[in-house]
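Chain by chain, the residues:
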Amino acid sequence: MEKNENQKVQVDPWGNTLVEDYSRLIREFGMQAFDIKDFKNPSTQMKRGLIFGGQDLNIIAEAIKKKKKFYCLTGIMPSAQKIHLGTAAVVDNVKYFQEQGAETYVLIADVESQAVRGVPIEEGKKRAMEFHIPAYIALGLDPKKTKFYFQSENKEVSNLAIVCSQKITENEFRAIYGSVHPSKVMSAFTQMGDILHPQLKTPMPGVIPVGIDQAPHIRMSRDIARRLKSDYGFFAPSASYNKYTSALDGSFKMSKNEAVGKLEIPEKDRGELEKKLKKALTGGRVTKEEQLAKGGQPDICVAYEYCKNHFISDDKILDQMYQECISGKNLCGQCKEKYLIKYANKFYDDFDKKFEKAKKLVGKMKFDE
Ligand code: TRP
Ligand code: SF4
């Protein structure tokens, strides 16, 4: 992220950007802060503050309230046969909107993976069938109500991508993405096709839950939707923005492409998992005495962040962890055993079980084109 106050924040959707100040992002990107009061029965992660901002989410809240048609769409690059916790959090948002009645789309960004990461299309498809699609089902999406598709096979998407490409100038593209590299141009317009194509039959509001790295795509899709309004009647898509998930050392967003310092899904080797969790940065004090006297600092503790945002959905248990921390009841090692390690193991056991079940389903599924 740019640190110079006078410069606009530039988020690179293909790189790593550290976000230090969400309120600044909200300002710079013309987002709105997330207002949980808009949603009648918010998800656990909404309540825990994982969504920090959005665009036109009130339109989605209204559609839910009035039971009007709307859609929710997300995509995944099949560049690795693993996802990280932040991706699981985005899937959780999709699940929420699906439960609220959204027509739900999940696309495999095999075109983008080929263009930006050099993963052959066929290989991307194979990885998605073996991993990403069953993983998304294991994370809670309803396979009967989710339209999965491959970018490379969806003609509506690629044709709409071409229509979209006519609506943006080179300078505008550069201002949004910081580059006009041909592979980025290809994948960005494909993504425009993804985001807008559910409206081809019937224009309707739609929500795209994303991590903040995808903000440039959202911005361009909204510009294009407005410019295509007279021809297609498109609504500008709404978006919800999730906070980054810290790396284990507290430093950074979890990247899909770095091997160290992060939790992934799955974590097959539980011994390794435990080792990683034991290394996670805490908000503990320097000495035992100080910890017992003053308590720990959960608000800067990665162990607490993971439990809060990913592993412990029961409010009572999370509150107990928090209280025990600030009252100095536990040392960090004890706290990790009692909460982080225990509930992370539960999370991963649950995932593995559901994943195996979902894998059997995927063989029998039909995919939309
Ligand atoms: N670009 C996304 C990523 O890096 C994948 C993606 C493709 C996507 N099309 C999308 C995400 C549409 C949301 C909506 O993972
Ligand atoms: Fe974090 Fe637990 Fe230590 Fe508190 S006691 S700082 S929550 S690890």
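What you see is a predicted model, and the numbers here were worked out from it, not measured in a lab.

Caption draft 1: Here's a closer look at the packing of aromatic side chains. Under the criterion given, the structure shown has 17 aromatic pairs. With centroids separated by 5.5 Å and ring planes inclined at 55°, the aromatic side chains of Y304 and Y322 adopt a geometry described as tilted. You can see Y304 sitting in helix α14 (residues 302-311) and its partner Y322 sitting in helix α15 (residues 315-326), a full 18 residues away along the chain. Using a relative accessible area of 10% as the deciding quantity, one classes Y304 as buried. By relative accessible area, Y322 is classed as partly exposed at 22%. Cluster of aromatic residues (ring-pair linked, three or more members): F34, F39, Y96 and F97.

Caption draft 2: Structural view of the site of ligand 2. Contacts to ligand 2 come from T282, G283, G284, Q291, Q297, C301, C325, C332 and C335. More than half of the atoms belonging to ligand 2 lie within 2 Å of the grid points that define the largest cavity. Of the residues assigned to the shell around ligand 2, the class counts are four nonpolar, five polar and no charged.

Caption draft 3: Representation of the pairing of strand β7 (residues 206-211) in the model. Here β7 lies mainly inside the structure; six of its six residues are buried. Taken together, the five bridges between β7 and strand β8 (residues 238-242) define a ladder with parallel strand orientation. By the bridge assignment, I208 is partnered in β8 with A239.

Caption draft 4: Region of the structure containing the sheet that holds β8. Spatial ordering of the open sheet is given by β1-β2-β8-β7-β3-β5-β6, a layout of seven strands whose pairing is mixed. Here the strands that pair on one side only, and so sit at the sheet edges, are β1 (32-33) and β6 (146-150). As paired strands, strand β2 (residues 51-55) and β8 are joined by four bridges and run antiparallel to one another. Pairing of I51 across the sheet is with N242, part of β8. Docked against the sheet, helix α4 (residues 85-99) engages β2, β3 (71-76), β5 (103-108), β6, β7 and β8, running at close to 160° with respect to β7.

Calculation notes
What you see as residue numbers is a count from 1 along each chain, following the sequence as written. Think of it this way: whatever chain is written first is A, whatever ligand is written first is 1, and the rest follow in order. For a predicted model such as this one, the threshold for reporting local features is a pLDDT of at least 70, and the threshold for listing and counting side-chain atom pairs is 80 or more; totals across whole chains, interfaces and linings nevertheless cover every residue. Side-chain metrics in this entry use all non-hydrogen atoms of the structure; hydrogen atoms and water are not considered. The aromatic pairing rule takes the rings of Phe, Tyr and Trp, using the six-membered ring of Trp, and pairs them if the centres are within 6.5 Å, calling planes under 30 degrees apart stacked, those over 60 edge-to-face and the rest tilted. Comment: elements are numbered from the N terminus, with helices defined as DSSP H or I runs of at least four residues and strands as E runs of at least two. Buried means the residue's accessible area, taken with a 1.4 Å probe over protein chains only, is under 20% of the maximum for its type, while exposed means over 50%, and partly exposed covers the values in between. Think of it this way: one heavy atom of a residue within 4 Å of a molecule or strand is enough to make that residue near it. Cavities and pockets were defined on a 1 Å grid built over protein atoms only: a cavity is a set of grid points that admits a 1.4 Å probe from which the probe cannot escape, a pocket is an open set flanked by protein on both sides within 12 Å along at least five of seven lines, and lining residues are those with an atom within 4 Å of any such point. To qualify as sitting in a cavity or pocket, a molecule needs more than half of its atoms within 2 Å of the grid points. Under the scheme applied here, ten amino acids are nonpolar (Ala, Val, Leu, Ile, Met, Phe, Trp, Tyr, Cys and Pro), four are charged (Asp, Glu, Lys and Arg), and all others, including Gly, are polar. Here, any two strands with at least 2 DSSP bridges between them count as paired. What makes two residues a contact is simply this: any of their non-hydrogen atoms within 4.5 Å. Between N-to-C directions, angles cover 0 to 180 degrees, with each direction set by a line fitted to C-alpha atoms, over the stretch in contact for helices.

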